[in-house]
Amino acid sequence: MRLGTRSSNEFIQYLNKKNDEIQQIFLSKIIDLIKSVNVKVMLGDSTITEQKTFDPKRVNDFYQKIIKDLKDWSIQDVSISNNDDIRRIFTKFEIREGNYLISGHMSIQYHVLLYYKPDQRVIEAQKELSDIIDLTKNKEKQMSDNSDQFVLDRLKEKGYKDFDHQKLFEIFYENDEFREKIYKEIQNEIEVDFQELSIKKNKLIKELDNLLVETYQTSPVLIDDTRLITGEEGCLCTFDIEFIKNKTKEGLFDPRKISETVKENIVKRLDEFSHMLES
(Lines give C-alpha, C1' and ligand atoms only; values in the text may rest on other atoms or scores of the structure.)
Protein backbone atom coordinates (compact mmCIF):
# COMPACT_ATOMS: atom_id res chain seq x y z
CA MET A 1 0.00 0.00 0.00
CA ARG A 2 1.47 3.31 -1.07
CA LEU A 3 1.05 5.98 1.59
CA GLY A 4 -0.99 8.81 0.15
CA THR A 5 -3.51 6.42 -1.34
CA ARG A 6 -7.09 7.19 -0.32
CA SER A 7 -8.44 5.05 2.45
CA SER A 8 -11.42 5.08 4.80
CA ASN A 9 -9.28 3.54 7.54
CA GLU A 10 -8.48 6.01 10.31
CA PHE A 11 -4.95 4.69 10.87
CA ILE A 12 -4.06 4.84 7.17
CA GLN A 13 -5.46 8.37 7.01
CA TYR A 14 -3.17 9.27 9.92
CA LEU A 15 -0.18 7.74 8.10
CA ASN A 16 -1.14 9.64 4.96
CA LYS A 17 -0.97 12.86 6.94
CA LYS A 18 2.49 11.90 8.21
CA ASN A 19 3.51 11.08 4.66
CA ASP A 20 2.32 14.47 3.38
CA GLU A 21 4.40 16.20 6.04
CA ILE A 22 7.47 14.18 5.06
CA GLN A 23 6.99 14.98 1.40
CA GLN A 24 6.73 18.72 2.05
CA ILE A 25 9.87 18.71 4.21
CA PHE A 26 11.67 16.65 1.57
CA LEU A 27 10.60 19.01 -1.21
CA SER A 28 11.76 22.08 0.73
CA LYS A 29 15.16 20.45 1.26
CA ILE A 30 15.47 19.59 -2.43
CA ILE A 31 14.48 23.11 -3.48
CA ASP A 32 17.34 24.44 -1.37
CA LEU A 33 19.80 21.84 -2.71
CA ILE A 34 19.06 22.52 -6.38
CA LYS A 35 19.44 26.28 -6.24
CA SER A 36 20.98 27.18 -9.57
CA VAL A 37 23.97 29.33 -10.40
CA ASN A 38 24.98 30.91 -13.70
CA VAL A 39 28.02 29.57 -15.53
CA LYS A 40 29.60 30.76 -18.76
CA VAL A 41 29.59 28.20 -21.56
CA MET A 42 30.31 28.10 -25.28
CA LEU A 43 27.81 26.96 -27.89
CA GLY A 44 28.72 24.92 -30.95
CA ASP A 45 28.90 28.09 -33.05
CA SER A 46 31.47 29.56 -30.61
CA THR A 47 28.98 31.95 -28.99
CA ILE A 48 29.62 32.56 -25.29
CA THR A 49 26.48 32.53 -23.16
CA GLU A 50 25.32 31.92 -19.60
CA GLN A 51 23.55 28.75 -18.52
CA LYS A 52 21.89 27.90 -15.21
CA THR A 53 23.00 24.74 -13.43
CA PHE A 54 22.90 23.11 -10.00
CA ASP A 55 25.28 20.75 -8.23
CA PRO A 56 23.93 17.13 -8.11
CA LYS A 57 26.62 16.28 -5.56
CA ARG A 58 24.72 18.29 -2.94
CA VAL A 59 21.69 16.03 -3.43
CA ASN A 60 23.92 12.95 -3.35
CA ASP A 61 25.51 14.09 -0.08
CA PHE A 62 22.06 14.78 1.39
CA TYR A 63 20.90 11.24 0.55
CA GLN A 64 24.13 9.81 1.97
CA LYS A 65 23.55 11.63 5.25
CA ILE A 66 19.98 10.35 5.52
CA ILE A 67 20.81 6.69 4.93
CA LYS A 68 23.77 6.93 7.32
CA ASP A 69 21.33 7.98 10.06
CA LEU A 70 18.79 5.26 9.23
CA LYS A 71 19.75 2.84 11.97
CA ASP A 72 18.32 -0.69 11.78
CA TRP A 73 17.04 -0.14 8.23
CA SER A 74 18.18 -2.23 5.26
CA ILE A 75 19.75 0.30 2.91
CA GLN A 76 20.36 0.40 -0.82
CA ASP A 77 23.39 2.58 -1.52
CA VAL A 78 22.84 5.88 -3.27
CA SER A 79 23.00 5.24 -7.02
CA ILE A 80 23.09 7.37 -10.16
CA SER A 81 21.44 6.10 -13.33
CA ASN A 82 22.47 7.49 -16.69
CA ASN A 83 20.11 7.23 -19.65
CA ASP A 84 21.20 9.51 -22.51
CA ASP A 85 20.56 13.05 -21.25
CA ILE A 86 18.49 12.00 -18.21
CA ARG A 87 20.05 11.11 -14.87
CA ARG A 88 18.57 9.98 -11.61
CA ILE A 89 20.02 9.96 -8.09
CA PHE A 90 18.14 7.57 -5.83
CA THR A 91 18.22 5.35 -2.79
CA LYS A 92 15.84 2.85 -1.23
CA PHE A 93 15.51 1.55 2.31
CA GLU A 94 13.23 -0.76 4.26
CA ILE A 95 12.53 -2.03 7.75
CA ARG A 96 10.23 -4.69 9.15
CA GLU A 97 7.82 -4.10 11.98
CA GLY A 98 6.05 -7.31 12.98
CA ASN A 99 4.58 -8.77 9.80
CA TYR A 100 4.69 -5.43 8.00
CA LEU A 101 7.43 -4.01 5.79
CA ILE A 102 7.97 -0.25 5.53
CA SER A 103 9.89 0.68 2.40
CA GLY A 104 11.02 4.16 1.39
CA HIS A 105 12.36 5.64 -1.82
CA MET A 106 14.05 9.01 -2.40
CA SER A 107 14.89 10.10 -5.93
CA ILE A 108 15.63 13.14 -8.05
CA GLN A 109 15.56 13.18 -11.84
CA TYR A 110 17.30 15.81 -13.94
CA HIS A 111 18.50 16.58 -17.43
CA VAL A 112 22.11 16.96 -18.50
CA LEU A 113 22.96 19.60 -21.12
CA LEU A 114 26.36 19.64 -22.80
CA TYR A 115 28.25 22.77 -23.77
CA TYR A 116 31.86 23.63 -24.49
CA LYS A 117 34.09 25.35 -22.02
CA PRO A 118 34.64 29.00 -23.03
CA ASP A 119 38.12 28.18 -24.27
CA GLN A 120 39.84 29.48 -27.43
CA ARG A 121 41.14 25.97 -28.03
CA VAL A 122 37.57 24.83 -28.83
CA ILE A 123 37.45 27.21 -31.81
CA GLU A 124 40.92 26.18 -32.98
CA ALA A 125 40.18 22.45 -32.70
CA GLN A 126 36.85 22.84 -34.51
CA LYS A 127 38.63 24.66 -37.37
CA GLU A 128 41.32 21.97 -37.60
CA LEU A 129 38.69 19.23 -37.59
CA SER A 130 36.65 21.00 -40.27
CA ASP A 131 39.75 21.36 -42.48
CA ILE A 132 40.54 17.65 -42.14
CA ILE A 133 36.97 16.63 -42.97
CA ASP A 134 36.93 18.88 -46.04
CA LEU A 135 40.35 17.64 -47.19
CA THR A 136 39.36 14.00 -46.71
CA LYS A 137 36.10 14.52 -48.59
CA ASN A 138 37.83 16.25 -51.52
CA LYS A 139 40.61 13.69 -51.73
CA GLU A 140 38.19 10.78 -51.51
CA LYS A 141 36.22 12.25 -54.41
CA GLN A 142 39.44 12.74 -56.37
CA MET A 143 40.47 9.19 -55.56
CA SER A 144 37.07 7.85 -56.61
CA ASP A 145 37.12 9.80 -59.89
CA ASN A 146 40.62 8.61 -60.83
CA SER A 147 40.81 5.14 -59.30
CA ASP A 148 38.99 3.14 -62.01
CA GLN A 149 41.25 4.35 -64.78
CA PHE A 150 44.32 4.05 -62.54
CA VAL A 151 43.49 0.40 -61.79
CA LEU A 152 42.89 -0.39 -65.45
CA ASP A 153 46.19 1.23 -66.45
CA ARG A 154 48.14 -0.73 -63.83
CA LEU A 155 46.50 -4.01 -64.84
CA LYS A 156 47.31 -3.40 -68.48
CA GLU A 157 50.91 -2.62 -67.54
CA LYS A 158 51.05 -6.07 -65.99
CA GLY A 159 49.94 -7.69 -69.23
CA TYR A 160 46.18 -7.85 -68.78
CA LYS A 161 45.44 -6.13 -72.08
CA ASP A 162 42.98 -8.42 -73.80
CA PHE A 163 40.31 -8.50 -71.08
CA ASP A 164 37.14 -6.45 -70.87
CA HIS A 165 36.65 -4.04 -67.95
CA GLN A 166 34.52 -6.46 -65.94
CA LYS A 167 37.13 -9.20 -66.13
CA LEU A 168 39.93 -6.81 -65.23
CA PHE A 169 38.15 -5.75 -62.04
CA GLU A 170 37.47 -9.38 -61.13
CA ILE A 171 41.20 -9.98 -61.30
CA PHE A 172 41.81 -6.86 -59.22
CA TYR A 173 39.43 -7.86 -56.41
CA GLU A 174 40.62 -11.48 -56.31
CA ASN A 175 44.22 -10.45 -55.61
CA ASP A 176 44.39 -8.95 -52.10
CA GLU A 177 48.09 -8.15 -52.19
CA PHE A 178 47.86 -6.47 -55.58
CA ARG A 179 44.75 -4.53 -54.54
CA GLU A 180 46.43 -3.16 -51.41
CA LYS A 181 49.45 -2.15 -53.46
CA ILE A 182 47.26 -0.30 -56.00
CA TYR A 183 45.37 1.53 -53.24
CA LYS A 184 48.67 2.65 -51.76
CA GLU A 185 49.87 3.89 -55.14
CA ILE A 186 46.61 5.82 -55.64
CA GLN A 187 47.00 7.47 -52.24
CA ASN A 188 50.58 8.39 -53.02
CA GLU A 189 49.55 9.86 -56.33
CA ILE A 190 46.94 12.14 -54.77
CA GLU A 191 49.45 13.00 -52.01
CA VAL A 192 47.35 12.22 -48.94
CA ASP A 193 47.69 9.76 -46.08
CA PHE A 194 44.15 8.84 -45.11
CA GLN A 195 45.36 6.87 -42.09
CA GLU A 196 47.23 9.86 -40.73
CA LEU A 197 44.22 12.11 -41.33
CA SER A 198 41.98 9.63 -39.53
CA ILE A 199 44.32 9.57 -36.52
CA LYS A 200 44.39 13.39 -36.39
CA LYS A 201 40.60 13.54 -36.70
CA ASN A 202 40.08 11.08 -33.83
CA LYS A 203 42.54 13.00 -31.63
CA LEU A 204 40.69 16.26 -32.29
CA ILE A 205 37.31 14.66 -31.57
CA LYS A 206 38.67 13.31 -28.28
CA GLU A 207 40.15 16.71 -27.43
CA LEU A 208 36.82 18.42 -28.10
CA ASP A 209 35.05 15.82 -25.93
CA ASN A 210 37.42 16.72 -23.10
CA LEU A 211 36.49 20.38 -23.55
CA LEU A 212 32.80 19.66 -22.96
CA VAL A 213 31.15 20.75 -19.73
CA GLU A 214 27.93 19.37 -18.28
CA THR A 215 25.16 21.54 -16.87
CA TYR A 216 22.18 20.21 -14.95
CA GLN A 217 18.56 21.23 -14.73
CA THR A 218 15.54 19.91 -12.90
CA SER A 219 12.19 21.15 -11.62
CA PRO A 220 11.38 21.83 -7.95
CA VAL A 221 8.27 19.63 -7.94
CA LEU A 222 7.19 16.32 -6.48
CA ILE A 223 6.51 13.63 -9.07
CA ASP A 224 5.23 10.06 -8.86
CA ASP A 225 6.67 6.78 -10.12
CA THR A 226 4.92 7.06 -13.47
CA ARG A 227 6.32 10.52 -14.18
CA LEU A 228 9.72 9.32 -13.00
CA ILE A 229 9.69 6.41 -15.46
CA THR A 230 8.60 8.65 -18.36
CA GLY A 231 11.62 10.90 -17.76
CA GLU A 232 10.04 13.97 -16.17
CA GLU A 233 12.16 16.29 -14.06
CA GLY A 234 11.45 16.44 -10.35
CA CYS A 235 11.90 14.65 -7.07
CA LEU A 236 10.17 11.80 -5.31
CA CYS A 237 9.86 10.60 -1.72
CA THR A 238 7.49 7.69 -1.17
CA PHE A 239 6.68 5.11 1.48
CA ASP A 240 4.96 1.79 1.05
CA ILE A 241 3.63 -0.58 3.68
CA GLU A 242 3.24 -4.24 2.78
CA PHE A 243 1.99 -7.24 4.70
CA ILE A 244 4.37 -10.22 4.76
CA LYS A 245 2.62 -13.56 4.53
CA ASN A 246 4.59 -16.79 4.04
CA LYS A 247 7.63 -14.72 2.97
CA THR A 248 5.51 -13.03 0.28
CA LYS A 249 4.84 -9.29 0.29
CA GLU A 250 1.23 -8.24 -0.18
CA GLY A 251 0.27 -4.64 -0.91
CA LEU A 252 -3.41 -5.23 -0.15
CA PHE A 253 -4.24 -5.99 3.47
CA ASP A 254 -6.75 -5.09 6.16
CA PRO A 255 -5.30 -2.23 8.28
CA ARG A 256 -7.72 -3.10 11.07
CA LYS A 257 -5.67 -6.24 11.76
CA ILE A 258 -2.47 -4.30 12.52
CA SER A 259 -1.67 -4.58 16.22
CA GLU A 260 -1.40 -1.44 18.33
CA THR A 261 2.28 -2.12 18.98
CA VAL A 262 3.06 -2.37 15.27
CA LYS A 263 1.02 0.77 14.60
CA GLU A 264 3.05 2.67 17.18
CA ASN A 265 6.31 1.43 15.67
CA ILE A 266 5.28 2.37 12.13
CA VAL A 267 4.40 5.89 13.27
CA LYS A 268 7.67 6.04 15.20
CA ARG A 269 9.68 5.12 12.09
CA LEU A 270 7.99 7.79 10.00
CA ASP A 271 8.51 10.40 12.72
CA GLU A 272 12.20 9.47 12.95
CA PHE A 273 12.57 9.90 9.22
CA SER A 274 10.81 13.24 9.33
CA HIS A 275 13.16 14.49 12.06
CA MET A 276 16.19 13.33 10.04
CA LEU A 277 15.01 15.34 7.06
CA GLU A 278 14.66 18.44 9.16
CA SER A 279 18.03 18.17 10.89
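So, here's what we can say about the structure. (Residues numbered from 1 in each chain as written. Predicted model: local features only at pLDDT ≥ 70, side-chain atom pairs only at ≥ 80, totals over all residues. Heavy atoms only, no water.)

1. Digging into the overall build of the protein chain
Spelled out, the test is: The way it works is that DSSP assigns letters per residue, a run of H or I at least four long becomes a helix, a run of E at least two long becomes a strand, and they are numbered from the N terminus. Buried, partly exposed and exposed residues are distinguished by accessible area as a fraction of the type maximum, computed with a 1.4 Å probe on protein chains only: under 20%, between the cut-offs, and over 50%, respectively. Only heavy atoms matter for contacts: two residues are in contact if any of them lie within 4.5 Å across the pair.
Regarding its fold elements, the protein chain presents eight helices and eight strands. Expressed as a percentage of its 279 residues, the buried residues of the protein chain come to 40%. Contacts in the protein chain between residues far apart in sequence, at least 24 positions, make up 65% of those at least 6 positions apart.

2. A look at the pairing of strand β2 (residues 48–53)
How we decide: Paired strands, as defined in this entry, are two strands with at least two bridges between them according to DSSP.
Summarising the sheet, strand β1 (residues 37–42) and β2 pair through six bridges and their orientation is antiparallel. Within β2, the residue paired with V37 across the bridge is T53. With antiparallel pairing between neighbouring strands as the criterion, β1 and β2 make up a hairpin whose turn holds five residues, including S46 at a positive phi of roughly 75°.

3. As for unusual backbone geometry
Unusually for a residue other than glycine, S46 sits at a positive phi of about 75°. By secondary structure assignment, the location of S46 is in the loop between β1 and β2. Positive phi, close to 75°, is recorded for D72, a residue that is not glycine. When you line up the elements, D72 lands in the loop between α2 (56–69) and β3 (74–83). Overall, D72 belongs to the exposed group, its relative accessible area being 64%.

4. Things to note about the pattern of salt bridges
Pairing is possible between side chains of opposite charge, provided their charged atoms come close. Applicable threshold: By salt bridge we mean one thing: a side-chain nitrogen of Lys or Arg within 4 Å of a carboxyl oxygen of Asp or Glu.
Taken as a whole and judged by the stated rule, the model has 19 salt bridges. The salt bridge involving D225 is made with R2; its shortest N-O contact spans 3.0 Å. Taken together, the positions of D225 in helix α7 (residues 225–229) and R2 in the segment before α1 (10–33) put the pair 223 residues apart, joining distant regions of the chain. D69 is the salt-bridge partner of K65, the closest N and O atoms lying 3.6 Å from each other. Residue K65 and its partner D69 are both found in helix α2; the two are separated by four residues, about one turn of the helix.

5. Some remarks on helix α8 (residues 260–278)
A turn of α-helix holds 3.6 residues, and therefore any two residues three or four places apart point the same way. So the rule is basically this: In a helix, the anticipated span is given by 1.5 Å times the number of residues less one.
End to end, α8 covers 27 Å across 19 residues, agreeing with the expected 27 Å (1.5 Å per residue, within 8%). The complete set of buried residues in α8 reads V262, K263, I266, V267, R269, L270, F273, S274, M276 and L277.

6. Quick word on the nonpolar core
What counts, and what does not: Each nonpolar core is a collection of buried residues, namely Ala, Val, Leu, Ile, Met, Phe, Trp, Tyr and Cys, held together in the definition by side-chain atoms within 4.5 Å.
Judged by nonpolar contacts, the single largest core of 43 residues is most densely connected at L15, F26, I30, Y63, F239 and F273. Of all the secondary-structure elements, those providing two or more residues to this core are α1, α2, β4 (86–97), β5 (100–116), β7 (234–245) and α8. The dominant element in this core, judged by the number of residues it contributes, is α1, at nine residues. Aside from chain neighbours lying at most four places away, what touches F239 is M1, R2, L3, N19, I22, W73, F93, I102, S103, G104, L270 and F273. Formed by 10 residues, the second largest nonpolar core is a distinct cluster that contains V122, L129, L197 and L211.

7. Side note on the packing of aromatic side chains
In this description, a pair of aromatic rings is defined by centroid distance and the angle of the planes. Inclusion rule: Classification of ring pairs uses Phe, Tyr and Trp, with its six-membered ring standing for Trp, and accepts pairs whose centres are within 6.5 Å; under 30 degrees between planes counts as stacked, over 60 as edge-to-face, and the remaining range as tilted.
In this structure the tally under the stated criterion is 11 aromatic pairs. Consider the rings of Y100 and F253, whose centres lie 5.4 Å apart with planes at 65°: the pair is edge-to-face. Taken as a pair, Y100 in strand β5 and F253 in the loop between β8 (248–250) and α8 lie far apart in primary sequence, 153 residues in all. Residue classification places Y100 among the buried positions, given a relative accessible area of 6%. Classification of F253 by relative accessible area gives buried; the value is 14%.

8. Focus: the side chain of N16
Put simply, the rule reads: Nitrogen and oxygen atoms within 3.5 Å of one another constitute a polar contact, given that in protein one can donate a hydrogen and the other can accept it, and given that sequence-neighbouring residues count only through two side-chain atoms.
If you trace the backbone, N16 turns up in helix α1. There is a polar contact of 2.6 Å between the side chain of N16 and the backbone nitrogen of G4. The residues touching N16, leaving out its near neighbours within four places in the chain, are L3, G4 and T5.

9. A look at the side chain of Q51
Along the chain, the position of Q51 falls in strand β2. Assessed through its relative accessible area of 17%, Q51 is described here as buried. Within polar-contact distance, the side chain of Q51 engages the side chain of Y115 at 3.1 Å. With residues up to four places along the chain from it excluded, the contact list for Q51 reads V37, N38, V39, V41, L113, Y115, T215 and Q217.

10. Quick word on the packing of α1 against α2
Rules: Note on geometry: axes are C-alpha line fits, over the in-contact stretch for helices, and angles between N-to-C directions span 0 to 180 degrees. Should the near helix be turned counterclockwise from the far one by less than a right angle, the crossing is left-handed, whereas a clockwise turn marks it as right-handed. In this classification, Asp, Glu, Lys and Arg are treated as charged, Ala, Val, Leu, Ile, Met, Phe, Trp, Tyr, Cys and Pro as nonpolar, and every other residue, Gly included, as polar.
Look at α1 against α2: their axes get within 9 Å of each other, and the N-to-C directions meet at 145°. Between α1 and α2 lies a crossing whose hand is right-handed. Residues F26, K29, I30, D32 and L33 of α1 lie in contact with α2, whose contacting residues are R58, V59, F62 and Y63. Of the residues assigned to the contact of α1 with α2, the class counts are six nonpolar, no polar and three charged.

11. Quick word on the environment of V213
With respect to the helices, strands and loops of the structure, V213 is situated in strand β6 (residues 212–217). Classification of V213 as partly exposed rests on a relative accessible area of 26%. Placed 97 residues apart in sequence, V213 and Y116 show a C-alpha to C-alpha distance of 5.6 Å. Setting aside anything within four residues of it in sequence, one finds V213 in contact with V41, L113, L114, Y115, Y116 and K117.

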